[in-house]
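# Summary of the model geometry
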Amino acid sequence: MFAIFRKLGWFFKMRWKTYSLAIGGLIACAILSAMIPLIIGRLVDQMAQGTISWDGLIQQTGFLLAIGVSMYGLRYMWRSNLFGNSTLLEAIMRNRLFSHFTKMDQKFYNDYRTGDLMAHATNDLAALRFVAGGGIMTLVDSLFITLFTLLSMFFLIDWQLTLVTILPFPLLIFVARYLGQLINKHFHGSLQSFSKMNDHVQESVSGMKVIKAFGEEEEDYQDFVKETENVVEKNRKVYLIDSAYTPVIDVITGLTYVLTIAFGTYFVQNGRISIGQLIAYFSYLGNMTWPLLAVGRLVNTMERGNVSYDRVTDLLSVNAKVENASDAVSGLAYHDLAVNIESFSYPDSDAVILEHVDFKLTANQTLGIVGRTGSGKSSLFSLLVRNFDIEDGQILIDGQPIAQIDLTELNDRVGYISQNNLLFSTTVRDNIRFGRPDMTQAEVERFAKLADVHEDILDFAQGYDTLVGERGVSLSGGQKQRIAIARTLAMEPQILIMDDALSAVDAKTEQRILANLKAFRTQGITIIATHRISSIMHADEILVLDKGRVSERGDHAALLDQAGWYDNMFTQQQLEEKLSESGEANE
Ligand code: ATP
Ligand code: MG
């Protein structure tokens with residue numbers, strides 16, 4: 001049950017001053033509250049004996065009042081220190097998680113679902129906050145209230161009565177221990193079911209358009225209801241354990257009251273203690289109820305915190321497979337790219353995705369890659385931008401293995417425009433200058449013009465200030481693609497990879513953009529994957545990929561001579577283009 005305190009030791013050490021203040025305040029409060037029953041007991045005795053005086057009464061009530069006021073001040077002090085710490089712990093852990101997320105690679109995001117990660121960042125961190133705040137409070141408070149109350153009962157009232165009445169207490173320790181184990185066991189399930197439900201919400205909300213388009217709202221809702229039922233079921237187990245605890249406390253306190261009445265009356269009759277002392281004793285017993293109840297709450301908080309802490313540290317301990325090499329090189333020119341892939345499979349999968357793919361490129365050369373969907377084009381690129389590391393084969397940039405090159409520099413100099421681009425929910429301008437936030441308007445426009453999207457942007461009501469909705473929903477597919485191109489061009493990458501990046505624009509626009517690139521990027525290396533042969537027919541070399549292997553290669557003329565898939569595709573696309581042109585002419 002106390003494992004979580006050991007695990008959070010680093011934090012308690014770091015905040016020892018504020019924790020000392022908070023704990024000091026709690027202890028002082030416990031001492032003060034142990035004094036109240038004594039004063040009341042004495043007043044009762046004086047009343048019973050008729051020895052009470054006005055002066056005495058005023059003095060004692062003044063004393064009670066002073067205790068009340070001091071307790072107010074002390075409570076304020078410990079609360080502000082303690083709960084300040086708990087929010088700080090949550091913030092520290094949240095920043096750690098977030099920074100960890102930013103360092104993780106593609107594999108991590110394949111392995112963990114977004115909703116699950118969100119659950120870690122919210123639910124689990126809240127459980128830790130409860131430990132560092134309410135947990136500590138409950139522990140210290142119940143411990144010292146119990147201690148001072150017992151001491152007062154023992155030394156100031158009657159030690160024999162105290163010994164007799166606390167006989168049922170050991171029972172409590174057994175119950176609390178058993179309870180802790182049960183909660184630990186079930187809380188895991190409860191958190192997992194929450195993660196799953198969270199993931200469902202995330203996926204449904206972002207995919208609601210698709211769900212509606214397929215008329216699947218009701219089915220999706222029913223699936224969701226099942227998941228919430230699962231969450232309720234798992235949580236109910238935790239609450240049931242909790243609920244079993246409170247009645248046990250009632251039994252224990254009931255027993256102590258019975259024992260107190262029996263033995264207390266006997267002692268009063270004997271003249272061993274006074275009536276006032278018995279009343280003070282009852283008042284002390286009343287003080288004990290809260291710590292007894294608190295033990296249950298404490299066990300619950302601690303066990304939840306324990307489980308959550310493990311979940312968070314498990315996540316934090318996942319290492320990115322792709323990491324910056326310790327002796328990473330930087331300052332390369334990125335003038336030569338030599339790729340020689342013997343074989344590549346995705347992590348945790350046996351399927352060979354790429355086999356014997358090799359090519360060499362130098363400054364001012366363009367490589368075209370075509371091939372059926374699923375032939376491995378995007379997979380090849382994921383190796384060039386080091387989303388994954390290649391184990392069988394090598395990729396050299398200026399003669400350096402890609403894994404030896406500083407990752408930040410690599411990301412800077414190798415620009416990748418993917419098939420499905422994500423724009424951020426900010427202005428068009430900020431999207432374009434995402435990688436270079438200090439870019440001027442003139443520069444932003446220059447890159448927008450290169451990507452042939454400047455005119456489109458000017459047509460928007462707010463121009464460059466137009467807000468892009470989440471995932472750019474308010475823009476057309478072609479506009480999104482071209483803004484994404486401008487964003488990558490703005491980084492002025494030495495190696496530019498366009499992965500089917502112009503699929504949503506018409507052939508003429510595509511030609512304009514490619515011509516712009518040719519004029520602007522005179523020293524760069526360009527790699528273009530596409531389904532439209534006209535966009536790579538002028539490339540220095542063209543690879544045809546088929547099931548991860550190079551089935552044909554050469555320049556346009558050589559490939560036509562081979563009369564294979566490429567030639568076939570080209571003829572077919574030429575024909576389609578002619579048909580659509582004559583169609584336009586006839587309109
Ligand atoms: P398209 O023209 O449709 O974009 P592509 O040539 O880019 O296709 P890839 O995306 O590289 O094809 O996919 C090649 C193969 O790799 C496919 O069989 C796909 O299922 C598999 N694949 C892609 N991404 C992953 C991944 N993250 N994990 C496991 N397998 C993957
Ligand atoms: Mg692809």
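Since the structure is predicted, the reported quantities are computational estimates derived from the model, not experimental observations.

In this section: the overall build of the chain. Helix and strand counts for the chain come out as 20 helices and 10 strands. Its C-alpha atoms give the chain principal-axis dimensions of about 120 × 55 × 50 Å. Taken over 587 residues, the chain has a buried fraction of 44%. Across the chain, contacts joining residues at least 24 apart in sequence account for 78% of those joining residues at least 6 apart.

If you walk through the whole model with that rule in mind, you get 22 salt bridges. The salt bridge involving Arg532 is made with Glu510; its shortest N-O contact spans 2.2 Å. You can see Arg532 sitting in the loop between β8 (525-529) and β9 (541-546) and its partner Glu510 sitting in helix α18 (residues 507-520), a full 22 residues away along the chain. Judged by its relative accessible area of 3%, Glu510 falls in the buried class. Look at the salt bridges and you will find they share partners, linking Glu90, Arg94 and Arg129 into a network.

With that out of the way, let us pick up helix α6 (residues 114-157). Compared with the 64 Å implied by 1.5 Å per residue over 44 residues, the 60 Å span of α6 between its first and last C-alpha is a close match. Maximal helix bending in α6 amounts to about 35°, located at Val131.

Mapped onto the elements of the fold, Arg311 is located in helix α11 (residues 275-316). On the accessibility criterion, Arg311 (9% relative accessible area) is buried. A polar contact is formed between the side chain of Arg311 and the side chain of Ser195, at a distance of 3.2 Å. With residues near it in sequence (within four places) discarded, Arg311 still touches Asp116, Ala119, His120, Asp124, Leu191, Gln192 and Ser195.

The next subject is the sheet that holds strand β1 (residues 336-344). In space, the four strands of this open sheet follow the order β2-β1-β4-β5, with antiparallel pairing throughout. Of all strands in the sheet, those with a lone pairing partner are β2 (354-362) and β5 (400-401), marking the two edges.

Judged by nonpolar contacts, the single largest core of 40 residues is most densely connected at Val428, Ile432, Ile457, Ile485, Met498 and Tyr566. Secondary structure elements with two or more residues in this core: α14 (428-432), α15 (441-450), α17 (477-489), β7 (495-499), α18, β9 and α20 (565-586). Setting aside anything within four residues of it in sequence, one finds Ile432 in contact with Val444, Ala448, Ile457, Tyr464, Ile483, Ala486, Arg487 and Ala490. Among the nonpolar cores identified, the runner-up in size contains 37 residues, and Ala22, Leu26, Met71 and Leu117 belong to it.

With that settled, consider the sheet that holds strand β3 (residues 366-371). One open sheet accounts for six strands, arranged β6-β7-β8-β3-β9-β10; its pairing is mixed. What marks the edges here is a single partner per strand, and that holds for β6 (414-417) and β10 (549-554). Here the average twist between neighbouring strands, direction ignored, is 15°. Two strands pair when backbone bridges link them, and β6 and β7 are joined in this way by four bridges, in the parallel orientation. In the strand pairing of β7, Gly415 is matched with Leu496.

Right, let's get into the domain arrangement of the chain. Taken domain by domain, the chain comprises domain 1 (3-316) and domain 2 (336-556). The interface is formed by six residues belonging to domain 1 together with five residues belonging to domain 2. At the boundary of domain 1 with domain 2, total buried surface from both sides reaches about 460 Å², with 53% on carbon and sulfur atoms. Linking domain 1 to domain 2 there are one salt bridge. On the surface where domain 1 and domain 2 come into contact, there are two residue pairs in polar contact (both at pLDDT 80 or more). By residue number, the principal contributor to the side of domain 1 that touches domain 2 is helix α5 (residues 106-111), which donates four residues.

The protein atoms donating to the magnesium ion (ligand 2) are Ser378 (OG) and Gln419 (OE1), with metal-donor distances spanning 1.9 to 2.3 Å. With Ser378 in helix α12 (residues 377-384) and Gln419 in the loop between β6 and α14, the pair connects residues that are 41 residues apart, well separated along the chain. Look at Ser378 and you get partly exposed, because its relative accessible area is 26%.

The rules behind the values
- Numbering of residues starts from 1 in each chain and follows the order in which that chain's sequence is written.
- As a convention, the first chain written is A and the first ligand written is 1, with the rest following in written order.
- Owing to the predicted nature of the model, reporting of local features is limited to residues with pLDDT of at least 70; listing and counting of side-chain atom pairs is limited to 80 or more, with chain, interface and lining totals taken over all residues.
- Only heavy atoms go into the side-chain values, all of them from the structure, while hydrogens and water stay out.
- A run of H or I in DSSP becomes a helix once it reaches four residues, and a run of E becomes a strand once it reaches two; helices and strands are each numbered from the N terminus.
- Exposure classes here rest on a 1.4 Å probe applied to the protein chains alone. A residue is buried below 20% of its type maximum, exposed above 50%, and partly exposed in between.
- Contacts were defined at the residue level, with two residues in contact if any of their heavy atoms lie within 4.5 Å.
- When a carboxyl oxygen of Asp or Glu lies within 4 Å of a side-chain nitrogen of Lys or Arg, that pair is called a salt bridge.
- One fewer than the residue count of a helix, multiplied by 1.5 Å, yields its expected span.
- In this analysis the local bend is the angle between axes fitted, respectively, to the seven residues ending at and the seven residues starting at the residue.
- What qualifies as a polar contact is a pair of N or O atoms within 3.5 Å, subject to a donor-acceptor requirement within protein and to the restriction that residues adjacent in sequence count only when both atoms come from side chains.
- For two strands to count as paired, DSSP must find a minimum of two bridges between them.
- As used here, the term nonpolar core means buried Ala, Val, Leu, Ile, Met, Phe, Trp, Tyr and Cys residues forming a set that is joined through side-chain atoms within 4.5 Å.
- Inter-axis angles, ranging from 0 to 180 degrees, are taken between N-to-C directions of lines fitted to C-alpha atoms, where helices are fitted over the stretch in contact.
- Domain limits in this description derive from either an automatic procedure or a database domain assignment.
- When two components associate, each loses some accessible surface as probed by a 1.4 Å sphere; the sum of these losses over both components is called the buried area.
- Ligating atoms shown are N, O and S within 2.8 Å of the metal, or 3.2 Å for Na, K and Ca, and water is not included, meaning a site may look less than complete.

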